[in-house]
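Architecture and fold: a report
Listed here are the chains, written in short residue letters.
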Amino acid sequence: MNVAHLTDIEQLMEQVVAYHPEADTSMIRRAYEYSVKAHEGQVRQTGEPYVQHPLAVAGILTFLKLDVPAIVAGLLHDTLEDTVATQEELEQEFGVDVARLVDGVTKIGQIPFQSYEEKQAENFRKMVLSMADDIRVVFIKLADRLHNMQTLEALSDEKRKKISQETKEIYAPLASRLGMSWIKQELEDLCFQYLQPEACSLLKLRLAKRDDERQAYIQSLIQTAQNALAEADLPGQIDGRPKHLFSIYQKMERRSVSFDEIYDLTAIRIVTDSKMHCYAVLGLIHSIWPPVPGRVKDYVATPRSNLYQSLHTTVVGPQGEYVEFQIRTAEMHRINEYGVAAHWLYKEPRKAGGGDEKVFSWLRQFVEWHKDLSDNRQFMDSVKLDLFHDVVFVFTPKGEVREVPVGSTALDLAYAIHTEIGDHCVGAKINGKLVPLRHQLHSGDMVAILTSPSQVPDRGWLKFVRTSKAKTKIKHWFKVEEQKRALELGRRLLEQEFRRQHLPVAQSLQSERLVSMATVKGCETVDELIRMVGFGRLAPDQIVGSFKEETEKPTAVAATREMVISSSKSSGLFHDGAVKFGGIKDVLMQLSKCCKPVPGESIRGYITRGRGLTIHAVDCPNLQSLEWDQNRLVEVEWDTDVEGPHSVDVSVLTLDRPGVLAKVSSGISQCKANITKAEISTREDKKAVLDFVIEVKNTAHLEMIIQEIQRVDGILSARRVRGWS
């Protein structure tokens, strides 16, 4: 549905008065004159005066039958960004409502972003979050984007593709979610034209060749259906509409078929007067043409979340061709055309009530789920996940209908119902049968969620949940738990340090000096300071040292310990007394599992969040890949006073002879080393591989063991195995 561009303000006001006779058109005229003056001298890439753009945007908004403030904001939507106008001026001239709408639409191009992607993410974030205040902001932005796409030919090929890709990924699916299918379809066809011009041109040509034949075929179907309605005394208006280009192309790609194999290129729409007659018409159509199994969809009983309601059926028509029928009431048709905007006419923001209240439930959830995501890339990925989905409908034991994206699991549904239910979900009963959390839901399933107070989220859940709400809530739970663990760990480390320096633990942790230290370090509370210790951002002796009122300046080692650590996944907590950090042994640390260093090797420490220090051998490739972050690398040393066993992996290649394993094991024992694990595998070439995990004291001990193994008759090689070997 291509909205005709308006050429002057008189046409605009006529259209507004046509659907809103009491509208204050004087305000619209003043806004137009203000826009003309503000954009004076500005020209679009097409060569036309810039003011034609806001006029066209306002024209699209009149087609949506929006109120006067929205039309006025459409005329002014670029004044804050592209002219010297200020928000204060707009408030004074047109009121707070209009000024707020214009501000919500305004791109924030003045802020220096690191990349185009980051700028676009922040612009879109502002638009999405503005939904919480006034959905009209999004209507204006969609109208703005639609007209920009309609006039995109004046830009360079590179810019056309970049804008089209963004429109395809964000604005078209957003229009779909808001129920504005005609905007979505036009945006998709325009994107198709610029992103895949050859495929688009070829498809247009093929459609044109079959147009006359198709029109005659559709008219015969319409006439047959009209006669049947009259005989059955059922009211209904029938018309046929061609499916838009991109949807046909998508169907060809999805089914991997040629254009000649696509039959349902046109949908026949029947508009009747009641729900009861919708179902009666559906039965009548099925009595004339047989329905295609699995292609009957009831969006009347279970409307889509974007308000869409209709009965869909695909039948086998004359000559064996598939034809789609869509059956709805006049009210359904109006809502399907205007989407959420159909429920906004003449209503004050946030004043919708009664049945209209549920209209905005998805919008409120959408805003709530995404407003706390601080990372722009994560925000955009999450938004795209919610916009790009087909849905399935499931039922609760109480008969309530729940809508979830295709591919959603029982766990997704649990989080959709309530966060607490998701956090404690242990499984589900689907159609009376027990299923695991990862079980995917299908339309018509009867789902009962099972919970347990002892159940808590697992990081593995993130691998199979589908919805952004479930992902966000699971990550939030771990973030909270991470904060708790960091507080507990930080408190324990401080207590150890207070005892080591012979200071009273309880008194010191509650002292004013600790409060002052928190302020100095930029923390709002003492708990926040203690969490910094737990996360490894502060060393315990930095804080405890101030209690001793030492006068010397901090050493270089102490300065190195105060580091800002970027986030990483929290894991189990370990301590290895064989390593010292800055001369101190009571620091949380663990030996890296990838290189498993042993005393005698050169080592370095890498500070991680929640796990303290991870100790790597200096030649470990994993450590070398981390050397870009110098602030997190620290010098450490082996504690020569501690002789603890260290596990190493040793692989032995031998001839496959009887008694070899016994001789190798005996040699290892003679070196006073313990074998904690042994695995044997034989090969087709009469050789065997013996894999051991051996506890050694240091590198010299390990070398002695390997030499002893190599003395055994039949041994071809013996070597230490690392994680990167």
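Note that the structure is a prediction, hence the values are computed from the model and not measured.

**What about the overall build of the chain?**
Along its length, the chain carries 29 helices and 20 strands. Counting the 725 residues in the chain, one finds 49% classified as buried. Contacts in the chain between residues far apart in sequence, at least 24 positions, make up 66% of those at least 6 positions apart. In the structure as shown, the chain presents an accessible area of about 35500 Å², 50% of it carried by carbon and sulfur atoms.

**With respect to the sheet that holds strand E18 (residues 674–682)**
The strand order E18-E19-E17-E20 describes an open sheet built from four strands, whose pairing is antiparallel. Two strands bound the open sheet, and with one partner strand each, they are E18 and strand E20 (715–721). The sheet shows a mean angle of 20 degrees between the axes of neighbouring strands, taken without regard to direction. Note: strand E17 (residues 646–655) against strand E19 (residues 687–696), ten bridges, orientation antiparallel. When the sheet's bridge partners are listed, Ser647 is paired in E19 with Glu695. Against the sheet, helix H28 (residues 660–670) touches E17, E18, E19 and E20, its axis set at about 20 degrees to E19. Most of the contacts of helix H29 (residues 699–710) go to E20, to which it runs at about 160 degrees, and overall it touches E17, E19 and E20.

**Regarding the confidence of the model for the chain**
On average, residues of the chain score 79 in pLDDT, and 79% of them reach the 70 mark or higher. Looking over the chain, one finds the lowest element-wise mean pLDDT in helix H26 (residues 556–561), namely 39, and the highest in helix H15 (residues 275–288), namely 94. In this model, residues 107–114 is a region of pLDDT below 50 whose contacts with residues beyond four sequence positions or in other chains number 15 contacts. Predicted confidence for residues 550–575 stays below pLDDT 50, and this span has 60 contacts to residues more than four positions away or in other chains.

**Remarks on the packing of aromatic side chains**
Applying the stated criterion across every chain, the model contains eight aromatic pairs. An angle of 85 degrees between the planes, with centres 5.1 Å apart, marks the rings of Trp477 and Phe478 as edge-to-face. Assigned by exposure class, Trp477 and Phe478 land together as buried. Put simply, the rings of Phe192, Phe246 and Tyr249 touch in pairs and so form one group of aromatic residues.

**Examining the sheet that holds strand E8 (residues 425–430)**
Spatially, E9-E8-E10 is the arrangement adopted by the three strands of the open sheet, whose pairing is antiparallel. Every other strand in the sheet has two partners, leaving strand E9 (433–435) and strand E10 (447–451) as the edge strands with one partner each. Mean inter-strand twist for the sheet, computed between neighbouring axes without regard to direction, equals 30 degrees. Most of the contacts of helix H19 (residues 410–417) go to E10, to which it runs at about 80 degrees, and overall it touches E8 and E10.

**What about the pattern of salt bridges?**
One pass over the full model with this rule turns up 22 salt bridges. The network of salt bridges with shared partners includes Asp67, Asp97, Arg100 and Arg136.

**What about helix H16 (residues 330–338)?**
Those residues of H16 lying buried are Met332, Ile335, Asn336, Glu337 and Tyr338. Backbone geometry just after H16 places Gly339 at a positive phi near 60 degrees.

**Overview of the pairing of E19**
Across the ten residues that make up E19, a large majority, seven, are buried. Pairing of E18 with E19 involves eight bridges; the strand directions are antiparallel. Bridged to Asn674 within E19 is Glu695. Linking E18 back to E19 in an antiparallel pair, the connection comprises four residues, with Lys686 at a positive phi of about 65 degrees.

**As for unusual backbone geometry**
With a phi close to 55 degrees, Asn431 is a non-glycine residue in the positive phi region. Relative to the assigned elements, Asn431 resides in the loop between E8 and E9. Positive phi outside glycine occurs at Lys672, with the angle close to 60 degrees. Looking at the secondary structure, you find Lys672 in the loop between H28 and E18. By relative accessible area, Lys672 is classed as exposed at 72%.

**Describing the packing of helix H6 (residues 87–94) against helix H7 (residues 96–105)**
It is the contact of H6 with H7, at a shortest axis distance of 7 Å, that shows an interaxial angle of 145 degrees. Our pair here, H6 against H7, has a crossing hand that is right-handed. Taken together, the residues of H7 that come into contact with H6 (itself represented by Gln87, Leu90, Glu91 and Phe94) are Val96, Val98, Ala99, Arg100, Val102 and Asp103.

**Topic: the nonpolar core**
Of all hydrophobic cores here, the largest spans 60 residues; its most connected members are Ile28, Leu61, Ile71, Val72, Leu76 and Phe94. For Phe94, the residues in contact, after removing those within four places along its chain, are Met27, Arg30, Ala31, Tyr34, Val72 and Leu76. Within the second largest apolar cluster, 24 residues are counted, among which are Leu229, Leu284, Val323 and Ile327.

**Considering the state of the cysteines**
Applying the stated rule across the entire model yields zero disulfides. Between Cys594, a free cysteine, and Cys620, which holds the nearest cysteine sulfur, the sulfur-to-sulfur gap is 3.5 Å.

**Some words on helix H23 (residues 512–520)**
Of the positions making up H23, those classed as buried are Leu514, Met517 and Ala518. All buried residues of H23 lie within an arc of 100 degrees about the axis, which places them on one face of the element. The exposed residues of H23 that point more than 90 degrees off its buried face are Glu512, Thr519 and Val520. Close packing links the buried residues of H23 with helix H22 (505–509), helix H24 (526–534) and helix H25 (540–547). Looking one or two places after H23, you find Gly522, whose phi comes out positive at around 80 degrees.

Rules used in this analysis
- Residues numbered from 1 in each chain as written.
- Predicted model: local features only at pLDDT ≥ 70, side-chain atom pairs only at ≥ 80, totals over all residues.
- Heavy atoms only, no water.
- Helix = DSSP H or I, 4+ residues; strand = E, 2+ residues; numbered from the N terminus.
- Buried < 20%, exposed > 50% of the residue type's maximum accessible area, 1.4 Å probe, protein only.
- Contact = heavy atoms within 4.5 Å.
- Areas by Shrake-Rupley, 256 points an atom, 1.4 Å probe, with all protein chains shown as cover.
- Pairing = 2+ DSSP bridges.
- Axes fitted to C-alpha atoms, helices over the stretch in contact; angles between N-to-C directions.
- pLDDT = per-residue confidence, 0-100.
- Phe/Tyr/Trp six-rings, centres within 6.5 Å; stacked < 30°, edge-to-face > 60°.
- Salt bridge = Lys/Arg side-chain N within 4 Å of Asp/Glu carboxyl O.
- Left-handed = near helix turned anticlockwise from the far one by under 90°.
- Core = buried A, V, L, I, M, F, W, Y, C linked by side-chain atoms within 4.5 Å.
- Disulfide = S-S within 2.5 Å.
- Arc of directions from axis to C-beta.

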